[in-house]
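# Overview (structure and organization)
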Amino acid sequence: MASNNPAPETLYFPNDDALGFGGEDSGTFDEWNPTEDSLRPVRGKHRVAKQRSGLARSSTVLGVGVIAAVGAGGMASAQSKPPLPISLPDLPQSVKDKLPEAESLPGVGSLVADLAGGSSDHGGTADATNAALTTTAATGKGSSDAGEALRARILQQAEQQQGAVEDEAKAAAEKAAAEKASAEAAKKQDEAAAKEKAAKKKAEAEAKAKAEKERLAKLAKSYSLPVSSYTLTSRFNDGGSMWSSGHHTGLDFAAPTGTPIKAVHSGTVKSAGWAGAYGYRTVITLDDGTELWFCHQSSLGVSAGQKVTTGEVIGRVGATGNVTGPHVHVEVRPGGGDPIDPMTWLQGKGLNP
């Protein structure tokens, strides 16, 4: 039968009075001997019960406090204000001698060893802890400074971007205003040009009309209507069975028999005599080759080859030929060809029958 390893010799821990912590709750500490052998599982059915004392609980609380302090320092580095360094109170040497090694505590030894650089001295642990907290504070301060610098840089970039946007908007507004002003100026210029063109065109039209009026007035002095007093009875192109062509080829000025017939314009008498349905007819050729026919005369006043002038009497109104009453039938034949409307031709000479 295997036997349990002998329990190690217990250590004596002074009570609160011995440590100078006297009070209502002062008393002696329970005995606890944490060693590597006592913490290692024991083969067999019998195991040495782990005894927990007040000092053991105090040591554990101290270790947990170290972890909490380190964690608090780590969390403080994320705050805007850096945390202040935390230092642990220095215990009396008599107490330190009774404390277990930090490396022997489960979960705490490795943390303290890392912070203290592998030292097992409690004073070194406190110093390492203080150094770690101080470093953490400095790191927090550096992080805070870096954060402030980054914030300032972001704000500066935001201001620059805002300024660029405002400058771009201002430039766009100025461009739009310039384009609008240019468009308005161009519109006004076009309107002014259009008005000027319209005024010029109107002035030209008025001048042309005036010149034409003066020309016709002057021309009218060289042209004359065939009779002074008359009534228009048949116009050019009127239809009817009275005319062999089926339509009227001239303009009829009805007047009493014997009314004087005048030369419309100066020219040369081409013929003067009987012309069948036209009765007695006089044909005058103008300088431009136009022939003027005066028909149905009661008597002739000129002969072929004779020169006549505007307003000169060339015969008398009658009713000879194919007629229904006394009148003078006038035809206008440019170049001696087909007849045209005498009304239009006379109006073009400044006359208004």
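Residues numbered from 1 in each chain as written. Predicted model: local features only at pLDDT ≥ 70, side-chain atom pairs only at ≥ 80, totals over all residues. Heavy atoms only, no water.

### Some thoughts on the pairing of strand β4 (residues 267–274)
Relative to strand β7 (residues 307–308), β4 is paired through two bridges, and the arrangement is antiparallel. Residue pairing in the sheet places T268 in a bridge with K307 of β7. Note: β4 against strand β5 (residues 280–285), six bridges, orientation antiparallel. In the strand pairing of β5, A272 is matched with T282. Hairpin geometry of β4 and β5 is characterised by an intervening segment of five residues between the two adjacent antiparallel strands and by a positive phi of about 65° at G276. (Pairing = 2+ DSSP bridges. Helix = DSSP H or I, 4+ residues; strand = E, 2+ residues; numbered from the N terminus.)

### Some words on the nonpolar core
Counting 26 residues, the largest nonpolar core has I284, F294, I314 and W345 as its most contacted members. Not counting residues up to four positions away in its chain, the partners in contact with F294 are P226, I261, K262, V264, Y280, R281, T282, I284, I314, V328, H329 and V330. (Core = buried A, V, L, I, M, F, W, Y, C linked by side-chain atoms within 4.5 Å. Buried < 20%, exposed > 50% of the residue type's maximum accessible area, 1.4 Å probe, protein only. Contact = heavy atoms within 4.5 Å.)

### Some remarks on the pattern of salt bridges
If you walk through the whole model with that rule in mind, you get three salt bridges. A salt bridge links E212 to R215; the nearest nitrogen and oxygen atoms lie 2.6 Å apart. Highlighted residues: E212 and R215, both in helix α6 (residues 122–220), separated by three residues, approximately one helical turn. Owing to a relative accessible area of 34%, E212 belongs among the partly exposed residues under this scheme. The salt bridge partner of R333 is E331, with a shortest N-O separation of 2.9 Å. (Salt bridge = Lys/Arg side-chain N within 4 Å of Asp/Glu carboxyl O.)

### Section: the side chain of E291
The topology assignment puts E291 in strand β6 (residues 291–300). Judged by its relative accessible area of 9%, E291 is buried. Here K270 takes part through its side chain, which lies 2.7 Å from a polar atom of the side chain of E291. In this structure the side chain of E291 is engaged in a polar contact, spanning 3.4 Å, whose partner is the side chain of W293. Non-local contacts of E291, meaning those with residues more than four positions away in its chain, are made with K270, V283, I284, T285, E331, V332, R333 and G336. (Polar contact = N/O pair within 3.5 Å; in protein donor to acceptor, adjacent residues only side chain to side chain.)

### A short note on the pairing of strand β9 (residues 327–333)
Within β9, seven of the seven residues are buried, which leaves it mostly tucked inside the rest of the structure. The sheet contact formed by strand β2 (residues 251–254) and β9 spans four bridges and is antiparallel. Looking across to β9, one finds that F253 is bridged to V328. Looking at chain direction, β6 and β9 are connected through five bridges and run antiparallel. Within β9, the residue paired with W293 across the bridge is E331.

### Thoughts on the side chain of T282
Examined against the element boundaries, T282 turns out to sit in strand β5. Among the polar contacts listed, one links the side chain of T282 to the side chain of Q297, at a separation of 2.9 Å. Ignoring anything within four residues of it in the chain, the contact list for T282 reads V269, S271, A272, L292, W293, F294, Q297, L300, V302 and I314.

### Things to note about the environment of R333
Of note, R333 is situated in strand β9. R333 sits in the buried class, given a relative accessible area of 13%. Residues R333 and T285, spaced 48 residues apart in sequence, show a C-alpha to C-alpha distance of 9.6 Å. Among the polar contacts listed, one links the side chain of R333 to the side chain of E331, at a separation of 2.9 Å.

### Notes on the confidence of the model for the chain
Across the chain, the average pLDDT comes to 76, with 59% of residues at or above 70. Predicted confidence is poor over residues 20–29, with pLDDT under 50, and the contacts of this stretch with residues over four places away or in other chains come to 17 contacts. For the stretch residues 118–122, pLDDT sits under 50, and the model shows 11 contacts to residues farther than four places along the chain or on other chains. (pLDDT = per-residue confidence, 0-100.)

### Observations concerning the packing of aromatic side chains
Centre distance and the angle of the planes are the two values used to describe a pair of aromatic rings. Counted according to the given criterion, the structure contains four aromatic pairs. Ring geometry for W274 versus Y280: centroids 5.0 Å apart, planes at 80°, classification edge-to-face. With a centroid separation of 5.6 Å and an interplanar angle of 90°, the aromatic rings of Y278 and W293 are classed as edge-to-face. With a gap of 15 residues between them, Y278 in the loop between β4 and β5 and W293 in strand β6 connect regions that are remote in the sequence. Overall, W293 belongs to the buried group, its relative accessible area being 12%. The ring of Y278 has R281 sitting right over it, with the charged end atom 5.9 Å from the ring centre. A cation over a ring is seen here: R281 above W293, with NZ or CZ 4.5 Å from the ring centre. (Phe/Tyr/Trp six-rings, centres within 6.5 Å; stacked < 30°, edge-to-face > 60°. Lys NZ or Arg CZ within 6 Å of the ring centre and 35° of its normal.)

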